[in-house]
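# Architecture and fold: a report
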Amino acid sequence: VLAIILSLRDVKRFKTRRPKAQFIRALIGNICLALVFWSMELLPLATATAILLTSPIIATALSPIILKEKISWIRWSCVIVGFIGALIITQPTSESFNLDYLVAIMAAIASAGVTLTLRELGKTEDALTTNFYFLGLGTLYPLPYMLFFAQEFSTIPLMLLAGLIICGFLNQYLKTQAYSFAELSFLSPFTYFNIVWASLIGWAVWSEVPALHVYIGCAIIIASNLAIAYREQRLKNNKLNA
């Protein structure tokens, strides 16, 4: 990110008008990353991904508090239905429920926090500026942990880590840019492709086949999110036509 900003010869991108908001976004984002990595270590890839799909629903539920957005009863109904889908996936009353699911749920909550902060920062901050502070502070946040738990890697893990770094950078930049141009309701449905890739990769690499209730709950969550997105788009079109 530093190299890109320097190549653009635009040093103003190093300056933020909202340092406190950048600090909070970076903190939430790095906590989210840690929880996502942890949840994917504990649960099958498709199951962890399905739970993470509740993030847009959580963001919708929190938007009246964080972004001061008005939520209609229809959207609240969709939020409730989405949470029912999450309960079907995790099955908190069954013997199979354990703390692994709680880690994934916390990751979804943190991801919703990232979405809300990106949406708010996108109104005033450049995408590169936000990524510069996110990754810069993200270099410092894990330092105490690394002092005690860092270890050397062999060639293959280093190659995988390099791939993760490249994909992660592209994801962060494009996501930040997207939220600065488009509405949350429009972007949320694109997240649902994750479950397709997670299922295919989990099956191909680790022979993981999630239980039927995971897909049922996932379908309910996706339907809930799509209903919210459709409602928001329809309201937006009505305002434009008016």
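Use the structure listed above.
Notes on the structure follow. None of these values were measured; they are calculated from a predicted model. (Residues numbered from 1 in each chain as written. Predicted model: local features only at pLDDT ≥ 70, side-chain atom pairs only at ≥ 80, totals over all residues. Heavy atoms only, no water.)

### Notes on the overall build of the protein chain
Convention followed: Every helix listed is a DSSP run of H or I at least four residues long, and every strand listed is a run of E at least two residues long, numbered separately from the N terminus. The atom set for the radius of gyration is the C-alpha atoms, and the globule formula is 2.2 Å times the number of residues raised to the power 0.38. Buried, partly exposed and exposed residues are distinguished by accessible area as a fraction of the type maximum, computed with a 1.4 Å probe on protein chains only: under 20%, between the cut-offs, and over 50%, respectively. The contact criterion used throughout is that any non-hydrogen atoms of two residues lie within 4.5 Å. The protein chains shown are the only cover counted for residues, whose accessible areas, like all others here, come from Shrake-Rupley with a 1.4 Å probe. Positive charges come from Lys and Arg alone, negative charges from Asp and Glu alone, with His and the N- and C-terminal ends not counted. A charge is said to be at NZ when it belongs to Lys, at CZ for Arg, at CG for Asp and at CD for Glu.
The helix and strand tally for the protein chain stands at twelve helices and zero strands. Listing the helices and strands of the protein chain from first to last along the sequence gives α-α-α-α-α-α-α-α-α-α-α-α. Here the C-alpha radius of gyration of the protein chain, 19 Å, is about what a compact globule of 242 residues would show, namely 18 Å. By principal-axis analysis of the C-alpha atoms, the protein chain measures approximately 55 × 50 × 30 Å. Counting every position in the protein chain, which comprises 242 residues, the buried fraction comes to 37%. Sequence separation of 24 or more characterises 84% of the internal contacts of the protein chain that already satisfy a separation of 6 or more. Surface accessibility of the protein chain: about 14600 Å² in total, with carbon and sulfur atoms responsible for 70%. Measuring between centres, the 18 positive side-chain charges of the protein chain sit 15 Å from its 12 negative side-chain charges.

### Looking at helix α11 (residues 193-206)
To be explicit about the condition: Any helix carries an expected span of 1.5 Å times its number of residues minus one. Working definition: the arc comes from the directions between the helix axis and the C-beta atoms, pointing outward to the latter.
A rise of 1.5 Å per residue sets the reference length of α11, with its 14 residues, at 20 Å; its end C-alpha atoms lie 20 Å apart and thus fit the reference within 8%. Looking at α11, one finds that the buried residues are I195, A198, S199 and G202. Along the axis of α11, the buried positions cluster into a sector of 100°, meaning they face one direction only. Set apart from the buried face of α11 by more than 90 degrees, the exposed residues are F193, W197, A204 and V205. One or two residues past the end of α11 sits S207, with phi positive at roughly 55°.

### Some thoughts on the nonpolar core
Threshold: Each nonpolar core is a collection of buried residues, namely Ala, Val, Leu, Ile, Met, Phe, Trp, Tyr and Cys, held together in the definition by side-chain atoms within 4.5 Å.
Among the nonpolar cores identified, the biggest contains 21 residues, and L53 and I195 are the most heavily contacted of them. Among the secondary structure elements, those contributing two or more residues to this core are α3 (45-52), α4 (55-66), α5 (73-90), α6 (99-121) and α12 (212-241). Setting aside its immediate chain neighbours within four residues, L53 contacts T191, Y192, I195, C218, I221, I222 and N225. The next biggest cluster of nonpolar side chains, apart from the first, holds 18 residues, and it includes L35, V36, L67 and A107.

### Considering the packing of α3 against α11
The condition is simple: Only the contacting stretch of a helix is used when fitting its axis, a line to C-alpha atoms as for every element, and angles between N-to-C directions run 0 to 180 degrees. Any angle from 65 to 115 degrees is called roughly perpendicular, while one under 35 is roughly parallel, one over 145 is roughly antiparallel, and all others are oblique. Take the far helix as the reference: if the near one is turned anticlockwise from it by less than a right angle, the crossing is left-handed, and if turned clockwise, right-handed. Classification used: nonpolar for Ala, Val, Leu, Ile, Met, Phe, Trp, Tyr, Cys and Pro, charged for Asp, Glu, Lys and Arg, polar for all others including Gly.
Where α3 contacts α11, the two axes come as close as 8 Å, and the packing angle between them is 165°. Classed by the angle they form, the pair α3 and α11 counts as roughly antiparallel. Between α3 and α11 lies a crossing of right-handed hand. Across the interface between the two elements, L45, A46, T49 and A50 from α3 touch N194, I195, A198, S199, I201, G202 and W206 from α11. Partitioning the contact of α3 with α11 into residue classes produces seven nonpolar, four polar and no charged.

### Side note on the packing of helix α2 (residues 19-42) against helix α7 (residues 127-140)
Contact geometry for α2 and α7: axes closest at 9 Å, N-to-C directions at 60°. The angle between the axes of α2 and α7 places the two elements in the oblique class. Viewed along their axes, α2 and α7 form a crossing whose handedness is right-handed. Of α7, the residues touching α2 (which contributes Q22, F23, R25, A26, G29, N30 and L33) are T129, T130, Y133, F134, L137 and G138.

### Some details on the packing of aromatic side chains
Basically, it comes down to this: Pairing of aromatic rings covers Phe, Tyr and the six-membered ring of Trp, with a centre-to-centre limit of 6.5 Å; geometry is then stacked below 30 degrees between planes, edge-to-face above 60, and tilted otherwise. Think of it as a cone above the ring: NZ of Lys or CZ of Arg counts as a charge over the ring if it is within 6 Å of the ring centre and within 35 degrees of the ring normal.
For the coordinates displayed, the defined rule picks out three aromatic pairs. When the ring of F23 is compared with that of Y141, the centres are 6.0 Å apart and the planes differ by 80°; the resulting orientation is edge-to-face. Of this pair, F23 sits in helix α2 while Y141 is found in the loop between α7 and α8 (143-149), placing the two residues 118 residues apart along the sequence. On the accessibility criterion, F23 (42% relative accessible area) is partly exposed. We classify Y141 as partly exposed; its relative accessible area is 26%. Just above the ring of F134 sits the side chain of R25; from NZ or CZ to the centre is 4.1 Å.

### What to know about the environment of E125
To keep it simple, the criterion reads: Within 3.5 Å is the distance limit for a polar contact, defined as a pair of N or O atoms, with the added protein rule that one can donate a hydrogen and the other accept it, and that residues adjacent in sequence qualify only through two side-chain atoms.
Along the chain, E125 falls in the loop between α6 and α7. Residues E125 and K15, spaced 110 residues apart in sequence, show a C-alpha to C-alpha distance of 9.4 Å. Not counting residues within four places of it along the chain, the set of residues in contact with E125 comprises T16, R17, R18, Q22 and T130. One polar contact links E125 to Q22, side chain to side chain, over a distance of 3.1 Å.

Purely geometric stuff here, so don't read any function into it on its own.
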